[in-house]
Amino acid sequence: MGFARTCSVALLGVEGVVVEVQADLEPGVAAFTLVGLPDKSLSESRDRVRAAIVNSGAEWPQKKLTVGLSPASVPKGGSGFDLAVAAAVFGAAERIDPRAIADLVLIGELGLDGRVRPVRGILPAVLAAADAGYRQVVVPEQTAGEAALVPGVSVLGVRSLRQLIAVLTDEPVPQEEPTEEGRPDAMLAGLLVPGAGIGTGLAPDPTGSAGGPDLADVAGQHRARRALEVAAAGSHHLLLSGPPGAGKTMLAERLPGILPPLTRQESLEVTAVHSVAGILPPGEPLVRRAPYCAPHHSATMQSLVGGGNGLPRPGAVSLAHRGILFLDEAPEFSGKALDALRQPLESGHVVIARAAGVVRLPARFLLALAANPCPCGRHTLHGAGCECPAALVRRYQARLSGPLLDRVDLRVDVEPVTRADLLGQGGRGETSAVVAARVREARARAAARLADTPWGVNSEIPGHELRTRYLAAPGALAAAERDIERGLLTARGVDRVLRVAWTVADLAGHDRPDSQDIALALELRTGVTRGVPVPVGAGEHA
């Protein structure tokens, strides 16, 4: 009787569980049994592993073979267990030393010819293995760069089962034929979901290429540009409301260009989600810029927050983690889909419960909404001939529910562009690079202030801390207190006004918010004009 064990990783959402793969050979009729709660794609690994071993020049053991996946109570799916199953079979058959694979974590799919194909979710799988104390992993060669992002782990990238056997037995490693230059690599097909990264707006570095969207292209819209800068500096949620053609979508598309690059920890979080979702481009193992996700208004609730058959998969709120989720024509989204955003807007994550299990997915994003004032869009234009009945206008605007809007920090009315602005008579606005520099300086001030706290930007500070630890200047909250008495602000609204005020103060270089910072935050929150001048430079007061 032969026995061997090795390890692989089962992914539950974007979190991994180390699974022990055990192989047992006993005398009897040749059979291959796979146990441990596998799904359909994992059950089919029996045929893939058998063919891969035979076509790699090794002999298939003619005995009763049982492969167990422990813990058996954890659902397991996908083809990433193939490599671990093959190694365990070799160990049980004494083709390799069982001790050589006992502390290895192996992840990869096997082709029938023995080639090792890449799979999605390598980064979160290796992170889970490192957290469990494993220090050696074997992955497909195409994803070795992604696995190497995890510190303290030795990564071996292999192209075929033959190479793995040679490494484990100290034999000369055979050279596999490389893909001909100019031909697409069919091995990468398992990494990308068809169409992902193109129509989703999640392609790498959407704003960093030459000729990308620039704020200087926007004519006029000084208040909307100011709100965009505040949103980027403090990661505040934003609503742009105005008639069609005023530039709402144009402004939102330029928001990624003024966001600072992701930190190392943020990059790992975003890369892990994108790797599981199958939108991580080959050759780009680490996402360094904030993602931008703009789903169509026909998107379902499951596509926004996550879902799918079996264990839930990341939705748009998770794909936009540490980046921007832009909902154009927001009132056209279904009410259920919009209200499902309430929890992640507050908590920064989404918990999805299904019959197959409960999954917690990260979802800390900047929400940008664009909305018309009425179905025809001309309700706020004087003399434009809006024929929408008042009841229809109210119903249309009520599609964005009060609880959802209460979680939006900045609400800006985007006015139609004037002829002077459109013809450039008012001068060209600041470029994205200039605004991004101010945003980085404001983020640096906030990071220095929050260095010893679990928060990184102003929008994450709890209300209790704002009222007890991070105090505004004396008398600065007088206007906000009057709005509370008039019913214009809720308790949550006051906290959000204070967060925006701290961001405005950071942009202006103030040590703490004063009355004008609070007034600007109130204007951006309520939409009521407070007579605050529009800033034109970094050093000027807002």
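No experiment lies behind these values; they were computed from the predicted model shown.

1. Remarks on the packing of helix 8 (residues 222-234) against helix 18 (residues 432-449)
Packing of helix 8 against helix 18 leaves a shortest axis separation of 8 Å and a crossing angle of 40 degrees. Comparing the axis directions of helix 8 and helix 18 gives the class oblique. Between helix 8 and helix 18 the crossing geometry is right-handed. Seen from helix 8, the contacting residues are Glu229, Ala232 and Ala233; seen from helix 18, they are Val435, Arg438, Val439, Ala442 and Arg443. Class assignment of the residues belonging to the contact of helix 8 with helix 18 gives a composition of five nonpolar, no polar and three charged.

2. Structural notes on helix 8
With 13 residues, helix 8 should cover 18 Å at 1.5 Å per step; its first-to-last C-alpha distance of 19 Å lies within 8% of that length. For helix 8, the tally of buried residues reaches 11 of 13 residues, placing the bulk of the element in the interior. If you check which residues of helix 8 are buried, you get Ala224, Arg225, Arg226, Ala227, Leu228, Glu229, Val230, Ala231, Ala232, Ala233 and Gly234. Downstream of helix 8 by a residue or two, Ser235 has a phi angle that is positive, lying close to 55 degrees.

3. What about the pairing of strand 4 (residues 64-70)?
Sheet topology places strand 2 (residues 15-26) next to strand 4; seven bridges connect them, and they run antiparallel. Paired with Glu26 across the two strands is Lys64, which belongs to strand 4. With five bridges joining them, strand 3 (residues 31-35) and strand 4 adopt parallel strand pairing. Paired with Leu34 across the bridge in strand 4 is Val67.

4. Side note on the side chain of Asp406
One can find Asp406 in the loop between helix 16 (402-405) and strand 16 (410-413). Under the relative-accessibility criterion, Asp406 is labelled buried at 14%. Beyond its immediate chain neighbours, meaning those up to four positions away, Asp406 contacts Arg411, Thr490, Arg492, Gly493, Arg496 and Arg525.

5. Quick notes on the packing of aromatic side chains
As enumerated under the stated definition, the model contains three aromatic pairs in all. A centroid spacing of 6.4 Å and a plane angle of 20 degrees characterise the contact between Tyr292 and Phe326, whose relative ring orientation is stacked. A residue pair is termed long-range when its members are at least 10 positions apart, and Tyr292 in strand 11 (residues 292-293) and Phe326 in strand 12 (residues 324-327) qualify at 34 residues. Take Tyr292 and Phe326: they sit in the same class, and that class is buried. Consider the rings of Tyr470 and Trp502, whose centres lie 6.2 Å apart with planes at 85 degrees: the pair is edge-to-face.

6. Brief notes about the nonpolar core
Side chains of nonpolar character tend, in soluble globular proteins, to be buried together. One finds Leu238, Leu251 and Leu524 to be the most contacted residues of the largest nonpolar core, which totals 59 residues. With eight residues, the top contributor of residues to this core is helix 21 (residues 491-508). Apart from the residues within four sequence positions on either side, Leu238 is in contact with Ala227, Leu228, Ala231, Leu367, Ala368, Leu369, Val408, Leu410 and Val412. Counting 39 residues, the second largest nonpolar core, distinct from the first, contains Val21, Leu25, Phe81 and Leu164.

7. A word on the packing of helix 2 (residues 45-55) against helix 3 (residues 82-92)
Put simply, helix 2 and helix 3 touch, their axes get as near as 10 Å, and they point 60 degrees apart. It follows that helix 2 is oblique to helix 3 by the angle criterion. In the packing of helix 2 onto helix 3, the handedness of the crossing is right-handed. On helix 3, the residues touching Ser45, Arg48, Val49 and Ile53 of helix 2 are Asp82, Val85, Ala86, Val89 and Phe90. Of the residues contributing to the contact of helix 2 with helix 3, the split by class is six nonpolar, one polar and two charged.

8. Remarks on a nonpolar patch on the surface
Among the surface-exposed residues, Val417, Leu422 and Leu423 lie close enough to one another that they form a single nonpolar patch of about 300 Å² accessible area. In this structure, Leu422 sits in helix 17 (residues 419-422).

9. Section: the state of the cysteines
This model, assessed by the stated rule, comprises zero disulfides. No disulfide involves Cys388; its sulfur sits 3.6 Å from the nearest other cysteine sulfur, which is in Cys376. In this structure Cys388 comes out as buried when scored by relative accessible area, which is 18%.

10. Looking at the pattern of salt bridges
Across all of its chains, the model carries 26 salt bridges by this definition. Glu346 is paired through a salt bridge with Arg492; the nearest N and O atoms lie 3.4 Å apart. Here Glu346, found in helix 14 (residues 342-347), pairs with Arg492, found in helix 21; they are 146 residues apart in sequence, far enough to count as distant. Ionic contacts of the salt-bridge type, sharing partners, join the residues Glu346, Asp406, Asp409, Arg492, Arg496 and Arg525 into one network.

Parameters and conventions
- Residues numbered from 1 in each chain as written.
- Predicted model: local features only at pLDDT ≥ 70, side-chain atom pairs only at ≥ 80, totals over all residues.
- Heavy atoms only, no water.
- Axes fitted to C-alpha atoms, helices over the stretch in contact; angles between N-to-C directions.
- Helix = DSSP H or I, 4+ residues; strand = E, 2+ residues; numbered from the N terminus.
- Parallel < 35°, antiparallel > 145°, perpendicular 65-115°, else oblique.
- Left-handed = near helix turned anticlockwise from the far one by under 90°.
- Contact = heavy atoms within 4.5 Å.
- Nonpolar A, V, L, I, M, F, W, Y, C, P; charged D, E, K, R; others polar.
- Expected span 1.5 Å × (residues − 1).
- Buried < 20%, exposed > 50% of the residue type's maximum accessible area, 1.4 Å probe, protein only.
- Pairing = 2+ DSSP bridges.
- Phe/Tyr/Trp six-rings, centres within 6.5 Å; stacked < 30°, edge-to-face > 60°.
- Core = buried A, V, L, I, M, F, W, Y, C linked by side-chain atoms within 4.5 Å.
- Patch = residues over 30% accessible without salt bridge, like charges linked within 9 Å, V, L, I, M, F, W, Y side chains within 5 Å.
- Areas by Shrake-Rupley, 256 points an atom, 1.4 Å probe, with all protein chains shown as cover.
- Salt bridge = Lys/Arg side-chain N within 4 Å of Asp/Glu carboxyl O.
- Disulfide = S-S within 2.5 Å.

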